[in-house]
Amino acid sequence: QGQLVESGGGVVQPGTSLRLSCAASGFRFRTYAMHWVRQPPGKGLEWVGFMWSDGHTVYYADSVKGRFTISRDNSKSTLYLQMNSLRAEDTAVYYCGGDPPSSGYALYIWGQGTTVTVPS
Amino acid sequence: QSVLTQPPSASGTPGQRVTISCSGSSSNIGSETVNWYHQLPGTAPKLLVYGNNQRPSGVPDRFSGSKSATSASLAISGLQSADEADYYCSTWDRSLNAVVFGGGTKLTVL
């Protein structure tokens, strides 16, 4: 069974930037679509965006479009989330998730999450 | 306001069967497969059902999913205290070009 480990979270001021990383192991990372999902404190899951295995096709939630950028380095089995112009409402636990081929956007593998706090 | 609608809470007693509903529209559940996750307190979500009614290896057959038109359901039979968790449905929305989640259902085992 594969593993995902997120890192890079922290407390940052509004308007600043942060980059999250998600290191994969134990599965064929380069064949998986990879997602970012976040969970604000005490609330439900919110999809942030995902990148196909080809490393080019990417989709974002409207709430982060134009501010967040997903990228991946298949040679390092690592997914990234560059977050710019951070707002208080971006405060959440950020999870990365692995979506194998032909799974219908089902996230089989999840990381443990990394917390991002943007004080209001 | 979530694109997929779930009841905020559900409950049952040990051994009972409970069902959690997920309502969507023709642009999501009506045209795509549905996945279900559960999230135990303080942990990451875990995939329970994919492709409407398929279980990943290791998920007990007490968990079963179904879909009809623009709605989906997750049934849990032989309810156990360990099943107390938040449950989420999810699918792709063709109009939004986005993965969408339900608001989540908190299951309590009485």
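Up top is the structure.
Everything quoted here is computed from the prediction, not taken from an experiment.

**Here we look at the overall build of chain B**
Item 1. For chain B, the helix and strand inventory stands at 0 helices and 9 strands.
Item 2. Going from N to C terminus, chain B has its helices and strands arranged as β-β-β-β-β-β-β-β-β.
Item 3. Its C-alpha atoms give chain B a radius of gyration of 13 Å, near enough to 13 Å, the size a compact globule of 110 residues would have.
Item 4. Counting only C-alpha atoms, chain B reaches 40 × 30 × 25 Å along its principal axes.
Item 5. Here the analysis covers contacts within chain B between residues at least 6 apart in sequence; of these, 57% occur between residues at least 24 apart.
Item 6. Computed over 7 positive and 6 negative side-chain charges, the separation of the two mean positions in chain B equals 5 Å.

**Re unusual backbone geometry**
All names here are of chain B.
Item 1. Positive phi is not limited to glycine here, since Asn52 has a value of about 75 degrees.
Item 2. Given the relative accessible area of 16%, Asn52 is considered buried.
Item 3. With a phi angle near 55 degrees, Ala69 is a residue other than glycine that sits in the positive phi range.
Item 4. Within the secondary structure, Ala69 is located in the loop between β5 (63-68) and β6 (71-76).
Item 5. A relative accessible area of 58% means that Ala69 is categorised as exposed.

**A few points about the interface of chain A and chain B**
Note on interface size: it is often stated as the accessible area lost on association of the parts.
Item 1. Each partner contributes to the interface: chain A provides 20 residues, whereas chain B provides 18 residues.
Item 2. For chain A, the biggest contributors to the area lost against chain B are Leu45, Trp47 and Tyr105 of chain A; these three give 36% of the whole.
Item 3. Across the chain A-chain B interface, the total number found is 0 salt bridges.
Item 4. Along the contact surface separating chain A from chain B lie 6 residue pairs in polar contact (both at pLDDT 80 or more).

**Structural notes on the pattern of salt bridges**
Item 1. Tallying each qualifying case throughout the model produces 6 salt bridges over all chains.
Item 2. Between Lys65 of chain A and Asp62 of chain A there is a salt bridge, with its nearest N and O atoms 3.0 Å apart.
Item 3. With relative accessibility at 47%, the residue Lys65 of chain A sits in the partly exposed group.
Item 4. Across the salt bridge formed by Asp83 of chain B and Arg62 of chain B, the nearest N and O atoms sit 2.9 Å from each other. Placement of the pair is Asp83 of chain B in the loop between β6 and β7 (85-93) and Arg62 of chain B in the loop between β4 (46-49) and β5, with a sequence separation of 21 residues.
Item 5. We classify Asp83 of chain B as buried; its relative accessible area is 3%.
Item 6. Looking at Arg62 of chain B, the relative accessible area reads 16%, which means it is buried.
Item 7. Through salt bridges with shared partners, one network takes in Arg38, Glu46, Arg67 and Asp90 of chain A.

**Notes on the sheet that holds strand β2 (residues 18-23) of chain B**
Residue and element names in this part refer to chain B.
Item 1. With respect to topology, 3 strands assemble into an open sheet ordered β2-β6-β5, the strand pairing being antiparallel. In this open sheet, the two strands that pair with only one neighbour each are β2 and β5. Pairs of neighbouring strands in the sheet enclose a mean axial angle of 20 degrees, with direction left out of account.
Item 2. Inspection of the sheet shows β5 paired to β6 by 6 bridges, in the antiparallel sense. Each residue of the ladder has a partner; that of Ser64, found in β6, is Ala75.

**What about the sheet that holds strand β3 (residues 18-25) of chain A?**
Within a sheet, adjacent strands bond to each other through the backbone by hydrogen bonds, running parallel or antiparallel.
All names here are of chain A.
Item 1. Strand order in this open sheet of 4 strands is β1-β3-β8-β7, and the pairing throughout is antiparallel. Every interior strand has two partners, whereas the edge strands, β1 (3-7) and β7 (68-73), have only one. Taken pair by pair, the neighbouring strands of this sheet meet at an average axis angle of 15 degrees, ignoring direction.
Item 2. Across 5 bridges, the pairing between β1 and β3 is antiparallel. When the sheet's bridge partners are listed, Ser7 is paired in β3 with Ser21.

The rules behind the values
- Residues numbered from 1 in each chain as written.
- Chains lettered and ligands numbered in written order.
- Predicted model: local features only at pLDDT ≥ 70, side-chain atom pairs only at ≥ 80, totals over all residues.
- Heavy atoms only, no water.
- Helix = DSSP H or I, 4+ residues; strand = E, 2+ residues; numbered from the N terminus.
- Rg over C-alpha atoms; globule rule 2.2 N^0.38 Å.
- Contact = heavy atoms within 4.5 Å.
- Lys, Arg positive; Asp, Glu negative; His and termini not counted.
- Charge placed at Lys NZ, Arg CZ, Asp CG, Glu CD.
- Buried < 20%, exposed > 50% of the residue type's maximum accessible area, 1.4 Å probe, protein only.
- Buried area = accessible area lost by both parts, 1.4 Å probe.
- Salt bridge = Lys/Arg side-chain N within 4 Å of Asp/Glu carboxyl O.
- Polar contact = N/O pair within 3.5 Å; in protein donor to acceptor, adjacent residues only side chain to side chain.
- Pairing = 2+ DSSP bridges.
- Axes fitted to C-alpha atoms, helices over the stretch in contact; angles between N-to-C directions.

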